[in-house]
Structures are given as C-alpha cells and as structure tokens.
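Structural overview for review
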Amino acid sequence: MSAWVSVTKAILPYVSDIISVAVPVFTRRKGNTEESQIQILQQQVTELQGASLQNAGDIKALAEQLSAALPMLEREVQAVDAKLARAGLLCGVSIGVAVLALVVSFVSLLSK
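To keep things clear, this report deals only with the structure shown in the data block. (Residues numbered from 1 in each chain as written. Predicted model: local features only at pLDDT ≥ 70, side-chain atom pairs only at ≥ 80, totals over all residues. Heavy atoms only, no water.)

Now for the overall build of the protein. Helix and strand counts for the protein come out as 2 helices and 0 strands. When burial is assessed residue by residue, the protein has 11% of its 112 residues classed as buried. Excluding contacts between residues fewer than 6 apart, the proportion of contacts in the protein whose partners are at least 24 apart in sequence is 57%. Carbon and sulfur atoms provide 69% of the accessible area of the protein, an area that totals close to 9,100 Å². (Helix = DSSP H or I, 4+ residues; strand = E, 2+ residues; numbered from the N terminus. Buried < 20%, exposed > 50% of the residue type's maximum accessible area, 1.4 Å probe, protein only. Contact = heavy atoms within 4.5 Å. Areas by Shrake-Rupley, 256 points an atom, 1.4 Å probe, with all protein chains shown as cover.)

With that out of the way, let us pick up a nonpolar patch on the surface. A surface patch of nonpolar side chains, amounting to about 360 Å² of accessible area, comprises I95, V99, V103 and V107. Its place among the elements puts I95 in helix α2 (residues 34–111). Taking the relative accessible area as the measure of exposure, I95 reaches 55% and is therefore exposed. (Patch = residues over 30% accessible without salt bridge, like charges linked within 9 Å, V, L, I, M, F, W, Y side chains within 5 Å. Salt bridge = Lys/Arg side-chain N within 4 Å of Asp/Glu carboxyl O.)

Turning our eyes to something else, we now look at α2. Helix length check: α2 (78 residues) gives 108 Å between terminal C-alpha atoms against 116 Å at 1.5 Å per residue, within 8%. Among the residues of α2, S36, I40, Q44, A51, D58, A61, A69 and L73 are the ones counted as buried. (Expected span 1.5 Å × (residues − 1).)

Turning to the environment of M72, a few remarks are in order. Within the fold, M72 resides in helix α2. For the pair M72 and S6, spaced 66 residues apart in sequence, the C-alpha separation works out to 9.0 Å.

No statement about biological role is implied by the geometric values presented.
Encoded structure:
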C-alpha cells in the first residue's frame, strides 16, 4: 500500500501541468476575412506545437520518475512477500502447537 502512495506522490506535481496542456486553450476564431483566418490558423498551429512539446517534456519527466519508482516498488513487493511467508510459517507452527495441545489434553482426559 505504501508503494502506491509513493507513486502517487511522484506523479502528483505533474497532474496540473498535464491538465493545463490537455485543456484546449487555443486562439479563438474571430476574424471574418480569409487573411485573418489564416493568421489565426497559423497561431493555433504554433500553440499546438508548443503544447505538444511541453507535453513531450512532461511525459519524459513522468517516465523518468516512474523508472526511478519501479525498483522501490519491487523492493516493497519483496518485503511484503517475505512478511507473508513468515506469517504463513508462524500460522503453521501455531496450528501444530494447537493440535499438539489438543492431543495432550485428550490423552490427559482419557488417562483419568
């Protein structure tokens, strides 16, 4: 569970950047002449190129953080697996002791 928290903390600073890039904030068409519409289209293309470059940079930063977080996640998974194996062993031992206690109690009841 703590592994997901660390991944969330790594990604959280970039969420607002991703949303701001994803929201269409391009220049609106306000011109009626063909020349003004061409200028508006050129400006929109320029804005779109800038947004895509920023998006590529954000994706690269997220990929770097994710590649740094994966080894930590793998270590956490191994630690949890070790704890689970230890808990299983302790359960087996406790069941064995409980069965032994039952056998001893039945033997002591039958011997009276």
